[in-house]
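Survey of secondary and tertiary structure
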Amino acid sequence: MFAIFSAYPTFLVFLAVVLAIVVTMALMPVWIRFLRSSHIGQQVRADGPESHLVKQGTPTMGGVIMLVAVVACALLVGKPTPETFVLLGATVLTGLLGLVDDASKVVKERSLGLTPKMKLVGQFAIATAFVLVAVNCLGIQPVVDIPFLATLDFGLLTTVVPIGDGIAIPWLYLLFMNILLVGMCNAVNLTDGLDGLAAGTVMIVMIVMAAIAYRSNLLEPAIFAAALAGACIGFLWFNSFPADIFMGDTGSLALGMALGCLAVVTKTEFVSIIIGGLFVAEALSVMIQVFYYKRTKKRIFLMAPLHHHFEKKGWSETKVVVRFWIISGVLAASGFSLYFAESLMAVA
């Protein structure tokens, strides 16, 4: 649709951001009214902060509109390349998994939807399919670059299945990427606990991922990342404190998967851990809390994930969100600087 601007790739990336903002902000009010009239609302966890009880019944599944905006922008602004369809496929499938989880919570009227095992099986299946397609169809090399230190060859243990031209299964790379993709999925999901927290931090991260993709001459992934950033910005208008709607697992799981998939396509698997460092910290806080409590029956944090710990310390929800945005910005900028510095050294 916007082929006339194909000679101006920078403009296309910015256009994806703006268009995603417009689509999200145009459709979200209609979606909110539908959810309210259908009595589809968030089920707040009983053991959460008492201040969150007022959020019971707030419309959820805002991620549906975010995904609509991302798909529309990625296909309208960019060219429908294999990279585009593979990235969209993994993201939308994960969003559908989250949608089933959100719908289950609404039907059962409790904060727990699908069982953790069911969600993990779905996430691992999507992650595995994405990695195999990326390696065999997109030509992604099964190596992981640690800037200035080493390039790890995870393709040493590879099996070729004699189907068609042969399907290569790089077992070590597949294992590592499954951990990264599923880990990011759940890390972003855990971060989605305060109004504006997940949307704001993912927006920051996606702007950096768009810059990395553009720097790597990967225009379509850059447009995809830019559309994700724009959808988050548009969603923030309705999700800022006090939130009119939550993204639900539909949005948070899909955004986490999208981040991991972009890391594969741009070959920033290791750097993405730094760029998304806030999500990693949130996930680690839960893992540490659970492990330590099982061993000692004591808690390291007042409450996990980490953002709830600071709420329990007396910080207002807005203060936690804004400070976490700042931390996410610092980590994302650090990761980008590391990537950029190494790319300059490679050219030199």
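Attention in this report is confined to the structure presented alongside it. Treat the numbers as computed from the prediction; the structure is a model and nothing was measured.

1. Concerning the side chain of Glu220
Inspection of the secondary structure puts Glu220 in helix 7 (residues 219-239). Of the buried charged residues, Glu220 lacks a salt bridge, with Lys79 as the closest side chain of opposite charge at 6.1 Å. Beyond its immediate sequence surroundings of up to four residues, Glu220 is in contact with Gly78, Lys79, Thr81 and Thr84.

2. Quick look at the side chain of Ser343
Along the chain, Ser343 turns up in helix 12 (residues 317-347). Of the residues examined, Ser343 reaches a relative accessible area of 17% and is grouped as buried. Within the structure, the side chain of Ser343 is placed 2.7 Å from the backbone oxygen of Phe340, a separation counted as a polar contact.

3. Observations concerning unusual backbone geometry
Across the junction of Phe241 and Pro242, the peptide omega takes the value -10°, indicating a cis bond. Mapping Pro242 onto the fold places it in the loop between helix 7 and helix 8 (248-265). Residue Pro305 is reached from Ala304 by a cis peptide bond, and omega for that bond is 0°. Looking at the element boundaries, Pro305 is found in the loop between helix 10 (277-296) and helix 11 (306-312). At Phe148, a position not held by glycine, the phi torsion is positive, near 70°. With respect to the helices, strands and loops of the structure, Phe148 is situated in the loop between strand 1 (143-146) and strand 2 (150-153). Classification of Phe148 as partly exposed rests on a relative accessible area of 46%.

Rules of the game
- Residues numbered from 1 in each chain as written.
- Predicted model: local features only at pLDDT ≥ 70, side-chain atom pairs only at ≥ 80, totals over all residues.
- Heavy atoms only, no water.
- Helix = DSSP H or I, 4+ residues; strand = E, 2+ residues; numbered from the N terminus.
- Buried < 20%, exposed > 50% of the residue type's maximum accessible area, 1.4 Å probe, protein only.
- Lys, Arg positive; Asp, Glu negative; His and termini not counted.
- Salt bridge = Lys/Arg side-chain N within 4 Å of Asp/Glu carboxyl O.
- Contact = heavy atoms within 4.5 Å.
- Polar contact = N/O pair within 3.5 Å; in protein donor to acceptor, adjacent residues only side chain to side chain.

Functional significance is not addressed by these values, which are geometric in nature.
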